[in-house]
Amino acid sequence: MWQRLGNFVIKFRLPLLIALFAATGIMGYFATKVKLSYDFSKAIPTDNPKYKDYVAFKQKFGDDGNTLVIGIQTKSLFTLTTFKAYQTLHKDLKKVKYVEDILSVPSSITLVKDSATEKLNAAKIFDDNINSQQQLDSAKAVFLNLPFYQTLLYNPDTHAYLMAVRINKDAINSKKRSKIVADIVAQVNKFQAATNIETHISGLPLIKTEVGDLVQKEMKIFLLGSILLSALILLLFFRSFSIVMLSLLVVIFGVIWSLGTMVLWGYNITLLSALIPSLIVVIGIPNCIYFINKYHTSYIKSNDKTHALIDMISKMGIVTLFCNIAAAIGFAVFALTKSAILKEFGIVAGISIMAIFVISFILLPAALSYLPSPKPSQIKYLHSKLITSFLLKLEDWVMCHAKWVYIFTVVVLIFSVAGIFKLKSEAFIVDDLPKNDKIYTDLRFFEANFKGVMPLEIVIDTKKRYGLAGLRALKTFEKVDSLSQYITAQKEMSRPISVAEGLKFAKQAFYDGDSTQYVLPNSFDGAFVGEYLRPAKADDKSKQNNFTKMLTSFIDTARQSTRVSINMADVGTVKLPVVLDGIQAHINELFDTAQYKVELTGSTITFLEGSIFIIKGLKQSIFWAFLLIALCMLYLFKSFRILICSLIPNLIPLVITAGIMGWAGVALKPSTVLVFSVALGIAIDITIRFLVNYKQELPLHNNDVRATVSSTIKHTGLSIVYTSLVLIAGFVIFCLSSFGGTFALGWLTSVTLLVATLTNLTLLPVLLLLMAPKKELPKSE
C-alpha cells in the first residue's frame, strides 16, 4: 500500500503541490482572521452550577470583573497642591472613553438631612474648585468623620488611598480593552510625574489585558524563535540551504493550517492555544528529519533518487503516520474534558498535527524530486563520529550491562517517587507572572493596604418578591451586617459593601453626622429608611438621588435578592476553599434555608472552579492518552509483549518529571500539568520509530533479537538523537517566557524528552532482549 502511495505522490507531484499550495492559501486567508480571546471564564463547563450562579449574578447585578483600582500611599494627599492634582486625575479619567464611573476621595459624598422634609440628600464633600488649604481641611474633617469610606477608599494606618474605575463591561471584554487600559495608565503616569508619588494599578481588567497582550507578543516571539532555532539545527545537520528552506516551508504551512483551523472552528487564541503554532514547529521538524534521513540512507544504498524517494515514503510513511497519530492523541484527548479552553486546545492541536503529516507527506517527496540529488557534504551527518560514539556506548550498556540499566532505573524511580510525595497542587491568579513584575507587586500593594482586589460576591435570595422592601427587610440586613462583621475580621478579606453599610451611612446622616451612630437602624429609629427600601415606581426613577441609586444597585429589581460585595487577596486554590468554607459555615448559622437561598459567586469563585476543572481534565487526559496510544501500539505491532515494552520507557520519564517537580517545588497547576500529556504524545514518537525499525530489521537478521536491537540502535538511534535535539531546543525556547507556567513547561518538557530519549535507547532495547521469545535468542556457544 505505502509503495503504491509513494509511486502515486511522485507520479502526480505537480497536481498535488498545486492542490496543497491552494489549500494552504485558503487556510492562510482564514488565519488572518484569528483573534485573541477576551473570555477568561471558559475553563468551566457551561452546565456547572458555579458557572450558572455566576451568569445569574451578572444578569441581576452586572459584571463584577470590570473595575480597575488605582492606589497611592502618601501623607500629603490633603495638601492643596497634591489634592488638586488628585482631583485632576479623577476628572481626566472620567474623560477616558468607556469609563462609566469613578469612586474616589474627590468624588465622595455625604448625606445631608433636609430639616423641612426630613429626607436625606446627597452632597459632594470636596468642591471642584477648592482654592484654600482651610477649605480643604474643612472638607477633610467631614470625610474622615464618615466610617463608610474607611478601608474602602483609604487606610488610615498606612496612609494609602484608592480610586476605583468602573469600565463598560462590553468594551472591557473586547479588543478595545488594550486601548482603554493604556489610556487609563497614561493618565495615572501623568499624575505620578506631576506629584512624584508612586502609583499602583490593579484589578481584573488590568491583569487580563496585560496577560492577554503578553500572550500575543510572546506567541510571535516563540514562533519566530522556534523557526530560527530549528533552521539553525537543520543547517548544522544537513549542510543544505534547500533542505532547510523546504523543512521550514513544511512547518510554516503547518502553522498556517493551525491558525486557519482555529478560525474555521470559531475559536480565538487563548493562553493554551497560543502555544499550538510553536508546538507545530517542534513536531513538524522531526517529520522532516526522519523523512529526509531515510531518503539520504536509501540514496546511499541505491544511488537512485526516485527509488530513494519511493523507499522513503513506503518505509517512513506508516511510521510517521502513527507517530503523528500518537502525538495528536496526546493533545486531542483534551477534547474529552468538559473545560471549553482545554477542548478547544485539544481539537485544534489534534487536527493541526494530522495536517502537518499530510503536508510533509506530500510536500517533502514532491519537492525533493525537483531538487538535485544529495551531495556528499549533505549526507556527511550520517557518519557523525560524536553521535556514533555515543550510540556505540549506549549499545554497550544494553548488550553488556543490562543489570546496571535496571539498577539505575530503579534508583532514579525511588528518588522520583519520593519527590512526588512533595508535589503540591496549587494555583494563584497571578502566580505565573515574575515576582518583580509591576502587575504582581501592585497586587501585593493592594493586599497589604486594602486586603486585595479580587472580587467575591454573596447573593442572598429571600425567596419572595419584595422580600427586601420596607421595614421588614431590616431583619435580613441585620443578618447581612453580622455576616459582614465576620468577613471583615478575616485577614484575607476587606470590609464588605452592602445595603447594610448604606443604611448605617443613612442613620449617621439622620443623626446629623454623629459617627457613633454608624450602626444599623433598629425598629424604633428605622422608620425613615423604609422609604429608601420601598420599590420605586417607573415614573419615580428620575427622582431618585445618588444615595438611593447607590442603595438600590445592591438589590435586584424584584426586591428579592441583595448582593454583598467583597474584595479579597489572591490566596490560591489551596487556601481559598478553606476561606469559603468558613464563610459558608457562618452563612448556615445566620440564614435559615427555608427562608433564604445564599450563594457564593464572583470571579474569584470561577477562577477556583476553573483551575480545579483544568487540573482534573488534564489528569483524565493523561489516562485517556495512555489508553488510546496503547491501542494504537497494539494495532501497529499486534503484540502485547511489545506493547508493554513500549509503554514502560514512556511512563518512567513522566514519573521522573513529576518527581523533579516535587523536589524543585513546582506546583501542579493548569500551566504545568500540561507537561505530562504534551511530553507523552511527543515522546511516544521515539518509541514508535525505534520499534517499527526493529520490526523491519528483524527478518533481515533471521529473527536474531540481539543483532536486530544492535542494528536498530545504530541506524534509528542517529535520527532519534537528531530529532530529540530539535524537540528539546524547540521547548527550551519557552524558557524565555515571562510566564512562570510557560517557563516551567519549557524546561520540564525538555527534561522529560531527554529522559524519554535515553529510556528509549537503553531501557526499551533491554526490555526487548528480556522479553524476547527464547527461540528468537541465539544459542550460546
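Nothing here was measured: the structure is a model prediction, and the numbers come from that model.

**Student:** Would you mind going over the overall build of the protein with me for this structure?
**Tutor:** On a plain count of helices and strands, the protein comes out with 26 helices and 10 strands. Oriented by its inertia axes, the alpha-carbon framework of the protein measures out at about 115 × 50 × 45 Å. Out of the 781 residues in the protein, the part that is buried amounts to 59%. Considering only intrachain contacts with a sequence separation of at least 6, the fraction spanning at least 24 residues in the protein is 79%. Across the protein, the centroid of the 79 positively charged side chains sits 9 Å from that of the 55 negatively charged ones.

**Student:** What is the right way to read the packing of helix H1 (residues 2–11) against helix H11 (residues 305–332) from this model?
**Tutor:** To describe two helices that pack against each other, one gives the angle between their axes and the distance between the axes. H11 packs onto H1 with a crossing angle of 125° between their chain directions and a minimal axis gap of 8 Å. The angle between H1 and H11 places the two elements in the oblique class. Our pair here, H1 against H11, has a crossing hand that is right-handed. Contacts between H1 and H11 pair Trp 2, Gln 3, Leu 5, Gly 6, Asn 7, Val 9 and Ile 10 from the former with Thr 306, Leu 309, Ile 310, Ile 313, Ser 314, Gly 317, Ile 318 and Leu 321 from the latter. Looking at the contact of H1 with H11 residue by residue, the class counts come to 9 nonpolar, 6 polar and no charged.

**Student:** Is there a simple way to explain empty space enclosed by the protein in this structure?
**Tutor:** Vacant regions in the atomic arrangement are exposed by a probe of water-molecule size rolled over the atoms. Following the criterion strictly, the structure yields 2 cavities of 30 Å³ or more and no others. Space inside the second largest cavity adds up to approximately 40 Å³. Going through the elements one at a time, helix H20 (572–590) and helix H21 (603–637) are the ones with two or more residues in the lining of the second largest cavity. Of the residues that constitute the lining of the second largest cavity, the class distribution is 6 nonpolar, 2 polar and 1 charged.

**Student:** Is there a simple way to explain the sheet that holds strand E8 (residues 454–461) in this structure?
**Tutor:** Strand pairing in a sheet relies on backbone hydrogen bonds, with the paired strands running either antiparallel or parallel. Taking strand neighbours across the sheet as the criterion, the 3 strands line up as E9-E8-E10 in an open arrangement whose pairing is antiparallel. Looking at strand neighbours, the two that pair on one side only are strand E9 (561–568) and strand E10 (597–601), the edges of this open sheet. Strand after strand, the sheet turns through a mean of 15° between neighbouring axes, direction not considered. Pairing of E8 with E10 involves 5 bridges; the strand directions are antiparallel. Across the sheet, Ile 458 pairs through a bridge with Leu 600, a residue of E10. With respect to the sheet, helix H16 (residues 474–488) is in contact with E8 and E9, its orientation differing from that of E9 by roughly 10°.

**Student:** Help me out: how do you make sense of the packing of helix H22 (residues 640–664) against helix H26 (residues 763–771) in this one?
**Tutor:** At their nearest, the axes of H22 and H26 sit 9 Å apart, and the two run at 150° to each other. Classified by the angle their axes make, H22 and H26 are roughly antiparallel. In this structure, H22 meets H26 at a crossing whose hand is right-handed. Packed against H22, whose contacting residues are Arg 641, Ile 644, Cys 645, Ser 646, Ile 648, Pro 649 and Ile 652, the element H26 presents Leu 763, Leu 764, Leu 767, Leu 768 and Met 771 at the interface.

**Student:** Explain the confidence of the model for the protein here, please?
**Tutor:** Any region with low pLDDT has predicted coordinates that should not be read closely. Averaged over all residues, the pLDDT of the protein is 84; the fraction at 70 or higher stands at 94%. Confidence over residues 776–781 falls short of pLDDT 50; this stretch has 9 contacts with residues more than four positions distant or in other chains.

**Student:** Please explain the environment of Asn 588 as it appears in this structure.
**Tutor:** One can find Asn 588 in helix H20. Classification of Asn 588 as partly exposed rests on a relative accessible area of 49%. Asn 588 sits 10 residues away from Val 598 along the chain, and the two C-alpha atoms are 8.9 Å apart.

**Student:** Explain the pattern of salt bridges to me, please; I cannot follow it from the model alone.
**Tutor:** Two side chains bearing opposite charge may form a pair once their charged atoms approach each other closely. For the structure on display, the rule yields 16 salt bridges. A salt bridge links Lys 190 to Asp 92, with the nearest nitrogen and oxygen atoms 3.5 Å apart. Placement of the pair is Lys 190 in helix H7 (residues 177–195) and Asp 92 in helix H4 (residues 80–95), with a sequence separation of 98 residues. Salt bridges linked by common partners bring Asp 481, Arg 495, Glu 501 and Lys 504 together as one network.

**Student:** What is the right way to read helix H13 (residues 385–400) from this model?
**Tutor:** Given 3.6 residues per turn, any residue in an α-helix points the same way as the ones three and four places further on. In this model, H13 (16 residues) spans 22 Å end to end at C-alpha, consistent with the 22 Å of a helix rising 1.5 Å per residue. All buried positions along H13 are accounted for by Ile 387, Leu 391, Leu 394, Glu 395, Val 398 and Met 399. Along the axis of H13, the buried positions cluster into a sector of 130°, meaning they face one direction only. Along H13, exposed side chains directed more than 90 degrees from the buried face belong to Lys 385, Leu 386, Lys 393 and Cys 400. Looking at the buried side of H13, the elements it contacts are helix H14 (402–420), helix H24 (705–732), helix H25 (740–761) and H26.

**Student:** Mind showing me how you'd approach the packing of aromatic side chains here?
**Tutor:** Two descriptors summarise a pair of aromatic rings, namely the distance from one centre to the other and the angle between the planes of the rings. Per the stated rule, a full pass over the model turns up 27 aromatic pairs. Aromatic pair Phe 126 and Phe 143: ring centres 5.9 Å apart, planes at 55°, arrangement tilted. One end of the pair, Phe 126, is in the loop between strand E4 (119–124) and helix H5 (133–144); the other, Phe 143, is in helix H5, and 17 residues separate them in sequence. Accessibility classification places Phe 126 together with Phe 143 in one group, the buried group. Here the basic side chain of Arg 465 rests over the ring of Tyr 466, its NZ or CZ set 5.1 Å away from the ring centre. Over the ring of Phe 554 we find Arg 563, and its NZ or CZ is 5.2 Å from the ring centre.

**Student:** Help me understand the side chain of Ser 107 in this model?
**Tutor:** By secondary structure assignment, the location of Ser 107 is in the loop between strand E2 (99–103) and strand E3 (109–114). A polar side-chain atom of Ser 107 sits 3.0 Å from the main-chain amide nitrogen of Ser 104. Those residues in contact with Ser 107 that sit more than four places away from it in its chain are His 90, Ile 102 and Lys 124.

**Student:** Would you explain a nonpolar patch on the surface in this entry?
**Tutor:** Together, Leu 336, Phe 623, Trp 624, Leu 627, Leu 628 and Leu 631 give the surface a local cluster of nonpolar side chains, amounting to about 570 Å² of exposed area. Along the chain, the position of Trp 624 falls in helix H21. For Trp 624, a relative accessible area of 37% translates into the label partly exposed.

Cut-offs applied
Residues numbered from 1 in each chain as written. Predicted model: local features only at pLDDT ≥ 70, side-chain atom pairs only at ≥ 80, totals over all residues. Heavy atoms only, no water. Helix = DSSP H or I, 4+ residues; strand = E, 2+ residues; numbered from the N terminus. Buried < 20%, exposed > 50% of the residue type's maximum accessible area, 1.4 Å probe, protein only. Contact = heavy atoms within 4.5 Å. Lys, Arg positive; Asp, Glu negative; His and termini not counted. Charge placed at Lys NZ, Arg CZ, Asp CG, Glu CD. Axes fitted to C-alpha atoms, helices over the stretch in contact; angles between N-to-C directions. Parallel < 35°, antiparallel > 145°, perpendicular 65-115°, else oblique. Left-handed = near helix turned anticlockwise from the far one by under 90°. Nonpolar A, V, L, I, M, F, W, Y, C, P; charged D, E, K, R; others polar. 1 Å grid on protein atoms, 1.4 Å probe; cavity = no way out; pocket = protein on both sides within 12 Å on 5 of 7 lines; lining within 4 Å. Points joined across faces, edges and corners; volume = space filled by probe spheres on them. Pairing = 2+ DSSP bridges. pLDDT = per-residue confidence, 0-100. Salt bridge = Lys/Arg side-chain N within 4 Å of Asp/Glu carboxyl O. Expected span 1.5 Å × (residues − 1). Arc of directions from axis to C-beta. Phe/Tyr/Trp six-rings, centres within 6.5 Å; stacked < 30°, edge-to-face > 60°. Lys NZ or Arg CZ within 6 Å of the ring centre and 35° of its normal. Polar contact = N/O pair within 3.5 Å; in protein donor to acceptor, adjacent residues only side chain to side chain. Patch = residues over 30% accessible without salt bridge, like charges linked within 9 Å, V, L, I, M, F, W, Y side chains within 5 Å. Areas by Shrake-Rupley, 256 points an atom, 1.4 Å probe, with all protein chains shown as cover.

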